[in-house]
Amino acid sequence: GAVVSQHPSRVICKSGTSVKIECRSLDFQATTMFWYRQFPKQSLMLMATSNEGSKATYEQGVEKDKFLINHASLTLSTLTVTSAHPEDSSFYICSARDRDPFSGRSYNEQFFGPGTRLTVL
Amino acid sequence: QKEVEQNSGPLSVPEGAIASLNCTYSDRGSQSFFWYRQYSGKSPELIMSIYSNGDKEDGRFTAQLNKASQYVSLLIRDSQPSDSATYLCAVPPQAGTALIFGKGTTLSVSS
């Protein structure tokens, strides 16, 4: 259980284009998903918290107009990197939490998707 | 600023030895603690969670928590070369919030 998928796994694009990354919870419903970014040899940095049916909450320093997040259903969140530039090249990873089916309370464990490696030329 | 601190390593141990990984956190109110393993080029994989003071064992892994000292550790017994990875300590500042990760400790197990 608690499987999270991401698509695509790898993308190479030209500078100035937009890239959409999908994150899906396959066997559970996730009211909250998280988007992280990881540069080489660095730890994961939280970019934003995505809540189903409401606006995402962005971390300080993350441009909300550049990194558009949509969480339209309980199993899908998308991150769109708009007008991508070489400095946006990174490993983008989403995560989600499962929740108790009876109480609706989220578990604390976060399960990660396999990540999307973005290279902007 | 909530912080999670780990020694970056690398920590090198011979096959069969015990690897000890340490983590400290700044938020005294944190209640849950997680260890993730991340292989190079891959996303993190949850290997242990611990909520109460003391030890929690799962196979070759033992997590130890001391809330008074704001310290959590991970012991890996009978280390194998396949354990070579970066180990990330993660703590949510509050229940339900996103995990804050340490920078990770790189473990290298030599055969």
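Up top is the structure these notes are about.
Chemist: Would you take a moment to explain the pattern of salt bridges for this structure?
Modeler: Side chains bearing opposite charge may pair, as long as their charged atoms lie close to each other. Residue and element names in this part refer to chain A. In total, this model carries 5 salt bridges over all chains according to the counting rule given. Here Lys66 and Asp88 are joined by a salt bridge, their closest N and O atoms 2.9 Å apart. Of this pair, Lys66 sits in the loop between strand S6 (57-58) and strand S7 (67-73) while Asp88 sits in the loop between strand S8 (76-81) and strand S9 (90-96), placing them 22 residues apart in sequence. Residues Lys66 and Asp88 agree in their burial class; the two are buried.

Chemist: I tried to follow the interface of chain B and chain A on my own but got confused; where do I start?
Modeler: Think of interface size as the accessible area that goes away when the parts come together; that is how it is often given. Contacts between chain B and chain A engage 20 residues on the former and 19 residues on the latter. Across the chain B to chain A interface the summed buried area is about 1,400 Å²; carbon plus sulfur atoms make up 55%. A per-residue breakdown of the area chain B buries against chain A is headed by B:Ser43, B:Ala98 and B:Phe101, which together make up 28% of the total. If you look at where chain B meets chain A, you find 0 salt bridges. At the boundary of chain B with chain A, the tally comes to 8 residue pairs in polar contact (both at pLDDT 80 or more). Elements supplying a minimum of two residues to the side of chain B that touches chain A: strand S4 (33-38) and strand S5 (45-50) of chain B.

Chemist: Any chance you could explain unusual backbone geometry here in plain terms?
Modeler: The phi torsion of most residues other than glycine is negative, and most of the peptide bonds are trans. With omega at 0°, the peptide bond leading from A:His7 into A:Pro8 counts as cis. One non-glycine residue, A:Ser83, lies in the positive phi region at around 45°. On the secondary structure map, A:Ser83 appears in the loop between S8 and S9. Given a relative accessible area of 34%, A:Ser83 falls into the partly exposed group. One non-glycine residue, B:Gln70, lies in the positive phi region at around 55°. For B:Gln70, the position within the fold is in the loop between strand S7 (61-66) and strand S8 (71-76).

Chemist: Please clarify how the layout of surface pockets should be interpreted in this entry.
Modeler: Over the atoms a probe the size of a water molecule is rolled, and this reveals where empty space is left. Empty space within the second largest pocket amounts to approximately 470 Å³. Forming the walls of the second largest pocket are 19 residues, and the residues nearest its centre are A:Gln38, A:Lys41, B:Ser40, B:Gly41 and B:Thr86. For the lining of the second largest pocket, a count of residues per class yields 6 nonpolar, 9 polar and 4 charged.

Chemist: Looking at this structure, I do not really get the state of the cysteines. What am I missing?
Modeler: Each disulfide consists of one covalent bond between the sulfur atoms belonging to two cysteines. A complete count under the given rule lists 2 disulfides over all chains for this structure. With a sulfur-sulfur separation of 2.0 Å, A:Cys23 is cross-linked through a disulfide to A:Cys94. Its S-S torsion of about 80° marks the bond between A:Cys23 and A:Cys94 as right-handed, since a negative value means left-handed. Placement of A:Cys23 in strand S3 (residues 19-25) and of A:Cys94 in strand S9 is noted, with a sequence separation of 71 residues between them. Across the pair, A:Cys94 and A:Cys23 agree in class, each one buried. Covalent S-S linkage joins B:Cys23 and B:Cys89, the inter-sulfur distance amounting to 2.1 Å.

Chemist: Quick question: what am I supposed to make of the environment of A:Ile12 here?
Modeler: Summarising the element assignment, A:Ile12 is placed in strand S2 (residues 10-13). Owing to a relative accessible area of 57%, A:Ile12 belongs among the exposed residues under this scheme.

Calculation criteria
Residues numbered from 1 in each chain as written. Chains lettered and ligands numbered in written order. Predicted model: local features only at pLDDT ≥ 70, side-chain atom pairs only at ≥ 80, totals over all residues. Heavy atoms only, no water. Salt bridge = Lys/Arg side-chain N within 4 Å of Asp/Glu carboxyl O. Helix = DSSP H or I, 4+ residues; strand = E, 2+ residues; numbered from the N terminus. Buried < 20%, exposed > 50% of the residue type's maximum accessible area, 1.4 Å probe, protein only. Contact = heavy atoms within 4.5 Å. Buried area = accessible area lost by both parts, 1.4 Å probe. Polar contact = N/O pair within 3.5 Å; in protein donor to acceptor, adjacent residues only side chain to side chain. 1 Å grid on protein atoms, 1.4 Å probe; cavity = no way out; pocket = protein on both sides within 12 Å on 5 of 7 lines; lining within 4 Å. Points joined across faces, edges and corners; volume = space filled by probe spheres on them. Nonpolar A, V, L, I, M, F, W, Y, C, P; charged D, E, K, R; others polar. Disulfide = S-S within 2.5 Å.

Any functional reading would require information beyond the geometric quantities listed.
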